[in-house]
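Understanding the architecture of this molecule
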Amino acid sequence: MLSRMLLVCLMSISVFSSASSLSCRWMDHKFSQHSLNSLNLIDAMANNSTNTTEEAEVDFPNDLYSQASKASAEDKLSFTIQILEEMVSLFEEDHSSASWEENTVEHFLIVVTQQADGVHSCIGSHSNKKKNKKLQMYFKRLSHHVLERMGHSAESWELIRKEMKTHLTRADQLALSVLTNMLSRMLLVCLMSVSVFSSASSLSCRWMDHKFSQHSLNSLNLIDAMANNSTNTTEEAEVDFPNDLYSQASKASAEDKLSFTVQILEEMVSLFEEDHSSASWEENTVEHFLIVVTQQADGLHACIGSQSNKKKNKKLQMYFKRLSHHVLERMGHSAESWELIRKEMKTHLTRADQLASSVLTNVFIY
């Protein structure tokens, strides 16, 4: 549907900032795939990791991501580049004690370096801006207070691996928000040049063009805010994260990707509607979070129309039932059980956002 609209638009636009389209060709065609690859590789490293119940004694820089999300497109991409480059430098420290396969680590570093170089090509001279000093200090603290303090042990590297996985998803979300905004402006030019093109269908995805990215950022910020009042726990959910289902969804059609994303969001809302009175969260924050996630699901429903009535993914349904039974019920809906769920749902928000954003990106590449 949207690809046909794009065809009409492209026929009507002779030039759309050719310099910028050339400079961001890599981001248009390769960024999303590289991002998925890097996430899959860092997940693969977990298969050979040493489990640890410790947590990094360095606060995650949520404030820096919040500031970056409000910055200009160039500054967002510069911040993303710095994250990726600092990550590569960190992994170049002695990781011989880690039980990872060296080929996987090397492949991971190659992919992340290619991501950084590719984003560099998008911003040109802007890439020579001064580095964010607070971000530099954060990575230095990871090196000194985690790796060096723990003797570059396998346990210290597992803490770093988990931290870097969070960075990959947050940086991906930040960079894709730039691409989404850029493509929305291109869509505006297209719509101005097309007098009539199935007005009903163009309205159906207006929400995704204009609102999806912001709602996704809001839901992630809210689930982070809930962490401020959470009860720390060293336990891990005894339910495997459904990486295989996300992998299958990433290769599916656009409609199936969005249907999968909708189901994730709806199952999440249902889970949070169970008794969470033992959790130490502010109820207003939880209510706001559920409203935003419900709006995300409803908005995506509008984009896929009749496709949204497809049968649910049974394996995904069973996964959420296991979370309910084997985590919440088994632990008596305790504060600790809800903190496990909160962390798990944060990962889903970032992966689902990545999946849905890839649909929007691919629509404009078609």
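Quick note: structure is the one above.
Remember, it's a predicted structure, so these values are computed and weren't measured experimentally.

**Observations regarding the packing of helix α6 (residues 73–91) against helix α7 (residues 102–123)**
Between α6 and α7, whose axes approach to 9 Å, the crossing angle comes to 155°. Relative to α7, the element α6 is oriented roughly antiparallel. Between α6 and α7 lies a crossing whose hand is left-handed. Two secondary-structure elements touch here, α6 through Glu-74, Leu-77, Ser-78, Ile-81, Leu-84, Glu-85, Met-87, Val-88 and Phe-91 and α7 through Phe-108, Leu-109, Val-112, Thr-113, Gln-115, Ala-116, Val-119, His-120, Cys-122 and Ile-123.

**A word on the nonpolar core**
Counting 48 residues, the largest nonpolar core has Phe-272, Phe-289, Leu-323, Ile-341 and Met-345 as its most contacted members. At the level of elements, α11 (206–210), α12 (212–227), α13 (243–250), α14 (254–272), α15 (283–304), α16 (314–329) and α17 (335–365) are the ones that each hand at least two residues to this core. If sequence neighbours within four positions are ignored, Met-345 has contacts with Ile-223, Met-268, Leu-271, Phe-272, Tyr-319, Phe-320 and Leu-323. Counting residues in each nonpolar core, the second largest holds 38 residues, with Ile-42, Phe-79, Ile-160 and Leu-174 among its members.

**Structural notes on helix α8 (residues 133–148)**
If you check α8, its first and last C-alpha atoms are 21 Å apart, about what 16 residues at 1.5 Å a residue would give, namely 22 Å. Of the residues making up α8, those classed as buried are Leu-135, Tyr-138, Phe-139, Leu-142, Ser-143, Val-146 and Leu-147. Buried residues of α8, viewed axially, fall in a sector of 140°; they line one side. Along α8, exposed side chains directed more than 90 degrees from the buried face belong to Lys-133 and Lys-134. Its side-chain oxygen at 3.0 Å from the backbone nitrogen of Lys-134, Asn-132 defines the N-terminal cap of α8.

**A closer look at the side chain of Thr-169**
Relative to the assigned elements, Thr-169 resides in helix α9 (residues 154–193). Its relative accessible area of 8% is what places Thr-169 among the buried residues. A polar contact of 2.8 Å, which involves the side chain of Thr-169, links it to the backbone oxygen of Thr-166. The residues touching Thr-169, leaving out its near neighbours within four places in the chain, are Leu-39 and Thr-350.

Reading the values: the criteria
Residues numbered from 1 in each chain as written. Predicted model: local features only at pLDDT ≥ 70, side-chain atom pairs only at ≥ 80, totals over all residues. Heavy atoms only, no water. Axes fitted to C-alpha atoms, helices over the stretch in contact; angles between N-to-C directions. Helix = DSSP H or I, 4+ residues; strand = E, 2+ residues; numbered from the N terminus. Parallel < 35°, antiparallel > 145°, perpendicular 65-115°, else oblique. Left-handed = near helix turned anticlockwise from the far one by under 90°. Contact = heavy atoms within 4.5 Å. Core = buried A, V, L, I, M, F, W, Y, C linked by side-chain atoms within 4.5 Å. Buried < 20%, exposed > 50% of the residue type's maximum accessible area, 1.4 Å probe, protein only. Expected span 1.5 Å × (residues − 1). Arc of directions from axis to C-beta. Polar contact = N/O pair within 3.5 Å; in protein donor to acceptor, adjacent residues only side chain to side chain.

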